[in-house]
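Here's the letter readout for the chains.
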Amino acid sequence: MGSEEKLAQLSKFREEAKAGGGPKRVEAQHAKGKLTARERVNLLFDAGTFEEIDPFVTHRCTDFGMAERKYPGDSVVVGYGKINSRLALAFFQDFTVFGGSLSEAASQKICKVMDLAAKNGAPFVAVLDSGGARIQEGADSLKGYGEIFTRNTLYSGVIPQISVIVGPTAGGAVYSPAITDFVFMVKGLGQSYITGTEVVKAVTGEEVSLEELGGAVVNATKSGNCHFVYETEVECFQQVRRLLSFLPQSYKGKLPSVDSDDEPNRTDEELLHIIPVNPTQPYDMKKIITKVVDNGDFLEVHQRFARNFIVGFARLGGQSVGILAQQPMYLAGVLDIDASDKAARFVRFCDCFNIPLVTLVDVPGYMPGTDQEFRGIIRHGAKILFAYAEATVPKVSVIIRKAYGGAYIAMSSKSLRGDINYAWSTAEIAVMGPEGAVNIIYRDEIKKSANREETRQRLIQEYRDKFANPYVAAARGYIDDVIDPRETRPKLIKALQMLQNKEVSNPSKKHGNIPL
Ligand code: HXC
């Protein structure tokens, strides 16, 4: 064969690899409202930058007539390219080949690019659309999953890992996304459950649809498995790119910083009018966040889960920061089990990748009651304390209104190694709210008084006047300064600049044991 014929052969093989499971299956994929693996490549990567590897890999199974059913590249497209002009690696399961199911060969392709991502310190994106383990291969496929889980685990904290679920993920296959840092799903396409509906019916008697059991909305709102939900694949991949724009390439990488046209010294009059006069009235904390950060650009993570707590990425003075805050609009911003899990995992992600933490506090306390106690609010609530105390990134906080009790300590306080702790002039820092405190410390006095309610209200007011302010804590240096709310942005940016060379280490150990 001459060199031209060899080139013709190469190009024929390439065309075969690109065809996936063939036109009929591609048509079926489109009919389900899904894009093909290669169409997804073009949405994730900068145009023309993707380099595919292993397009000629095939499975080695010979059982069940599989020797005659081989597709070059098998059920996954893997490779590298640029996202926002920076290196990233990814795999895209190809549902048109055996339903995207994981063969041993497919798992080896995936592990190869995961290893390349870790070795080269670049983010890794997994795009999932699969019927799970390749049934014809049995244990070989299961071993493949195990090898992927191991890499997800070992590379956790080394490089950012993102999962995008745009088809079924069933059975043990769900656990790779669960180990990664962020999970995206598309409504109506992405599904994630450990057993399908038939098994659920047989075991528990429940009758549910696949969407009710493990659709995008359920995973984003109820279980919290999913951090971002979008209506279309196009929007979803755009947002994956946006998320990556906030992140460094690896734990060793520099934080990406952009030239911000938003004036660092910008003050904002409206910050004086967001908090209601009545301290028990709610307000929207997101208004404060968007007024303070660069150009109001805030990428909220886990938007639909534990809505009493807000986490997300923004920039201050052009530099990425992780923002954490209570949301008084939901459950008065109380810390409950789900909020604790959400907050702690976000703190740890930011700490892994050297992203400074900015915490805005308005917290009435941890959620009381048997439901929370029995389900483990102590164990879950401890995660926030552990995560903040352990974190070595710059930690700046602003107490906006309430900061009571254990929840005050938990929210990046000075005693958890908070670097700069500010309080607005509206802040109230105390062991508990005035009502609760008065009922305990003046119980006898209230009982003995002729007009109990009047006495109680007088004592509440006295307590509020004396303790419900930031100056007692500021007098001790637990609060570094009491600030004018209008100056929040310049104060935060200056503090973060001061902290940019912060160096602090934790005691030598194998690893800590965060309460799980
Ligand atoms: C081999 C598979 C497959 C699988 C689907 N296919 N799943 N081949 N192994 N696991 C093939 C089908 O035979 C079909 O082949 C093609 O993919 C498309 O599948 P359809 O059923 O036609 O598609 P659809 O109607 O969209 O249904 C998708 C599905 C369904 C819901 C995912 O295929 C399904 O229920 N599959 C099995 C899911 C499952 O139980 N997997 C094992 C889970 S346990 P043709 O040739 O007709 O195109 C598991 C353990 C992992 O994964 C443990 C890890 C630790």
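Everything quoted here is computed from the prediction, not taken from an experiment.

Asker: I'm lost on helix 1 (residues 3–18) in this one. Help?
Answerer: Two residues of an α-helix separated by three or four positions point the same way, owing to the 3.6 residues in each turn. If you check helix 1, its first and last C-alpha atoms are 22 Å apart, about what 16 residues at 1.5 Å a residue would give, namely 22 Å. Just beyond helix 1, the residue with positive phi is glycine 20, at close to 55 degrees.

Asker: Which parts of the structure should I look at to understand a nonpolar patch on the surface?
Answerer: A cluster of nonpolar residues, Leu7, Leu10, Phe13 and Phe56, forms a patch on the protein surface that exposes about 350 Å² of accessible area. Mapped onto the secondary structure, leucine 10 falls in helix 1.

Asker: Would you mind showing me how to read helix 12 (residues 337–352) here?
Answerer: Here helix 12 is 16 residues long and its end C-alpha atoms lie 23 Å apart, about the 22 Å a rise of 1.5 Å per residue gives. The complete set of buried residues in helix 12 reads Ile337, Ala339, Ser340, Lys342, Ala343, Ala344, Phe346, Val347, Phe349, Cys350 and Asp351. Asparagine 354 lies just past helix 12 and shows a positive phi near 60 degrees.

Asker: For this particular structure, what's the right way to read the layout of surface pockets?
Answerer: Approximately 1,500 Å³ is the volume attributed to the largest pocket. Taken together, 50 residues line the largest pocket, and the ones lying closest to its centre are Ala178, Ile179, Thr180, Arg345 and Arg348. For the lining of the largest pocket, the secondary structure elements donating two or more residues are helix 6 (175–179), strand 7 (182–186), strand 8 (191–193), helix 8 (210–214), helix 9 (216–223), helix 12 and helix 14 (377–390). The biggest single contributor to the lining of the largest pocket is helix 12, with eleven residues. Per-class residue counts for the lining of the largest pocket are 26 nonpolar, 14 polar and ten charged. Taken as a whole, the second largest pocket encloses approximately 390 Å³ of empty space. Around the second largest pocket, the lining is made up of 17 residues, and of these Leu255, Gln319, Asn354, Pro394 and Gln500 lie nearest the centre. Of the residues belonging to the lining of the second largest pocket, the class tally is seven nonpolar, six polar and four charged.

Asker: Help me understand the pattern of salt bridges in this model?
Answerer: Once the charged atoms of two side chains with opposite charge are near each other, the side chains can pair. One pass over the full model with this rule turns up 34 salt bridges. Linking lysine 143 and glutamate 104 is a salt bridge whose minimum nitrogen-to-oxygen distance equals 3.2 Å. In this pair, lysine 143 sits in helix 5 (residues 139–154) while glutamate 104 sits in helix 4 (residues 104–119), placing the two residues 39 residues apart along the sequence. The structure contains a network of salt bridges with shared partners spanning Asp262, Arg266, Asp268, Asp294 and Arg489.

Asker: Help me understand the sheet that holds strand 3 (residues 86–93), please; the structure alone is not making it clear to me.
Answerer: The pairing of strands in a sheet happens through backbone hydrogen bonds and is either parallel or antiparallel. Strand order in this open sheet of seven strands is 1-2-3-4-5-7-9, and the pairing throughout is mixed. Each edge of the open sheet carries a strand with a single partner, namely strand 1 (51–53) and strand 9 (228–230). In this sheet, adjacent strand axes meet at a mean angle of 20 degrees when their direction is disregarded. With four bridges joining them, strand 5 (residues 161–165) and strand 7 adopt parallel strand pairing. The residue bridging isoleucine 165 from the neighbouring strand is methionine 185, located in strand 7.

Asker: For this particular structure, what's the right way to read the nonpolar core?
Answerer: It is characteristic of soluble globular proteins that their nonpolar side chains tend to be buried jointly. Counting 67 residues, the largest nonpolar core has Phe92, Val164, Phe184 and Phe313 as the members making the most contacts within it. In terms of residue count, the dominant contributor to this core is helix 12 (seven residues).

Asker: How should I be thinking about the environment of alanine 117 in this particular structure?
Answerer: Topologically, alanine 117 is positioned in helix 4. Alanine 117 gets classed as buried once you look at its relative accessible area, which sits at 0%. Separated by 43 residues in the primary sequence, alanine 117 and proline 160 place their C-alpha atoms 9.6 Å from one another. For alanine 117, the contacting residues outside a window of four places in its chain are Leu89, Ala122, Pro123, Phe124 and Ile159.

Asker: Quick question: what am I supposed to make of the site of the ligand here?
Answerer: Near the ligand lie 19 residues; those nearest to it are Arg25, Lys32, Gly99, Gly131 and Ala133. In the environment of the ligand, an oxygen atom lies 2.9 Å from a nitrogen or oxygen atom belonging to the side chain of lysine 32. Between the ligand and glycine 131 there is a distance of 2.6 Å, counted from a nitrogen atom to a backbone nitrogen or oxygen. The protein chains hide 57% of the 1,000 Å² of surface that the ligand would expose on its own. The residue inventory of the shell around the ligand, partitioned by class, reads nine nonpolar, six polar and four charged.

Asker: Would you mind going over the packing of helix 12 against helix 14 with me for this structure?
Answerer: Any two packed helices are characterised by the angle at which their axes cross and by the distance between the axes. The interhelical angle for the contact between helix 12 and helix 14, taken along N-to-C directions, is 20 degrees, at an axis separation of 8 Å. On the basis of their axis angle, the class for helix 12 and helix 14 is roughly parallel. Crossing geometry of helix 12 relative to helix 14 is assigned as left-handed. Here Ile337, Ser340, Asp341, Ala343, Ala344, Val347, Arg348 and Asp351 of helix 12 come into contact with helix 14, specifically with Ile377, His380, Gly381, Lys383, Ile384, Phe386, Ala387, Tyr388 and Glu390. When the residues that make up the contact of helix 12 with helix 14 are grouped by side-chain class, the tally is nine nonpolar, three polar and five charged.

What counts as what
- Residues numbered from 1 in each chain as written.
- Predicted model: local features only at pLDDT ≥ 70, side-chain atom pairs only at ≥ 80, totals over all residues.
- Heavy atoms only, no water.
- Helix = DSSP H or I, 4+ residues; strand = E, 2+ residues; numbered from the N terminus.
- Expected span 1.5 Å × (residues − 1).
- Patch = residues over 30% accessible without salt bridge, like charges linked within 9 Å, V, L, I, M, F, W, Y side chains within 5 Å.
- Areas by Shrake-Rupley, 256 points an atom, 1.4 Å probe, with all protein chains shown as cover.
- Salt bridge = Lys/Arg side-chain N within 4 Å of Asp/Glu carboxyl O.
- Buried < 20%, exposed > 50% of the residue type's maximum accessible area, 1.4 Å probe, protein only.
- 1 Å grid on protein atoms, 1.4 Å probe; cavity = no way out; pocket = protein on both sides within 12 Å on 5 of 7 lines; lining within 4 Å.
- Points joined across faces, edges and corners; volume = space filled by probe spheres on them.
- Nonpolar A, V, L, I, M, F, W, Y, C, P; charged D, E, K, R; others polar.
- Pairing = 2+ DSSP bridges.
- Axes fitted to C-alpha atoms, helices over the stretch in contact; angles between N-to-C directions.
- Core = buried A, V, L, I, M, F, W, Y, C linked by side-chain atoms within 4.5 Å.
- Contact = heavy atoms within 4.5 Å.
- Near = heavy atom within 4 Å.
- Polar contact = N/O pair within 3.5 Å; in protein donor to acceptor, adjacent residues only side chain to side chain.
- Parallel < 35°, antiparallel > 145°, perpendicular 65-115°, else oblique.
- Left-handed = near helix turned anticlockwise from the far one by under 90°.

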